[in-house]
Amino acid sequence: MPPFRNEDAMTRRILTESKTVAVVGASNKPHRDSHEITALLIDHGYDVYPVNPNVSTLSAPHNTIHGRTVYESLEDIPSEIQIDMVDIFRKSSEARKVVE
């Protein structure tokens with residue numbers, strides 16, 4: 001199998017065609033990249049579903065990120081919502097578990 005190449009055209013197509021994004025590892029801490037990227041996606045019109053088990057269990061209003069309800073896992077996002085893209089902010093050693 002040839003190595004995966006993330007070319008500009010592919011990235012552009014993914015970002016153009018995707019409308020609904022789950023952000024696994026979204027953070028409620030403003031200094032984290034996932035916090036900034038979540039805001040950026042929302043600002044650019046994506047429908048964003050943050051996923052973070054530590055934030056999802058906090059009492060309202062602390063269980064939100066940028067005004068969006070935070071889910072404990074991808075499986076907890078309502079089934080009627082079609083996720084087009086999953087953005088993963090986890091240690092590489094933990095990413096496989098999310099992908100599977």
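What you see is a predicted model, and the numbers here were worked out from it, not measured in a lab. (Residues numbered from 1 in each chain as written. Predicted model: local features only at pLDDT ≥ 70, side-chain atom pairs only at ≥ 80, totals over all residues. Heavy atoms only, no water.)

**Some words on unusual backbone geometry**
- Residue Ala-60 is joined to Pro-61 through a cis peptide bond whose omega torsion reads 5 degrees.
- In this fold, Pro-61 is placed in the loop between helix H3 (53-56) and strand S3 (64-65).
- Of note in the backbone geometry, His-66 takes a positive phi value of approximately 55 degrees without being a glycine.
- Residue His-66 is classed as partly exposed on the basis of its relative accessible area of 35%. (Helix = DSSP H or I, 4+ residues; strand = E, 2+ residues; numbered from the N terminus. Buried < 20%, exposed > 50% of the residue type's maximum accessible area, 1.4 Å probe, protein only.)

**Observations concerning the confidence of the model for the chain**
- For the chain, per-residue confidence averages 92 on the pLDDT scale, and 99% of positions sit at 70 or higher.
- In the model of the chain, helix H4 (residues 92-99) stands out as the element of lowest mean pLDDT, 84, in contrast to strand S2 (residues 47-51), which has the highest, 98. (pLDDT = per-residue confidence, 0-100.)

**So, the nonpolar core**
- Core analysis: the biggest nonpolar cluster contains 11 residues, these being Val-21, Val-23, Ala-26, Leu-41, Ile-42, Tyr-46, Val-48, Val-55, Ile-65, Val-70 and Met-85.
- The set of elements that each furnish at least two residues to this core consists of strand S1 (20-24) and helix H2 (33-43).
- Once residues lying within four places of it in the same chain are set aside, the contact partners of Met-85 are Ile-14, Leu-15, Ser-18, Thr-20, Val-21 and Ala-22.
- Grouped together as the second largest cluster of nonpolar side chains are six residues, Val-24, Tyr-49, Val-51 and Ile-77 included. (Core = buried A, V, L, I, M, F, W, Y, C linked by side-chain atoms within 4.5 Å. Contact = heavy atoms within 4.5 Å.)

**Some points on the packing of aromatic side chains**
- Across all of its chains, the model carries one aromatic pair by this definition.
- Both rings, one in Tyr-49 and one in Tyr-71, keep their centres 6.1 Å apart while their planes meet at 45 degrees; by these two values the pair is tilted. Placement of Tyr-49 in strand S2 and of Tyr-71 in the loop between strand S4 (68-69) and strand S5 (85-88) is noted, with a sequence separation of 22 residues between them.
- The buried category is assigned to Tyr-49, whose relative accessible area is 13%. (Phe/Tyr/Trp six-rings, centres within 6.5 Å; stacked < 30°, edge-to-face > 60°.)

**Overview of the side chain of Asn-52**
- By secondary structure assignment, the location of Asn-52 is in the loop between S2 and H3.
- Given the relative accessible area of 13%, Asn-52 is considered buried.
- Here Ala-26 takes part through its backbone oxygen, which lies 2.8 Å from a polar atom of the side chain of Asn-52.
- Residues within four places of Asn-52 in sequence aside, it is in contact with Gly-25, Ala-26, Ser-27, Val-70, Tyr-71 and Glu-72. (Polar contact = N/O pair within 3.5 Å; in protein donor to acceptor, adjacent residues only side chain to side chain.)

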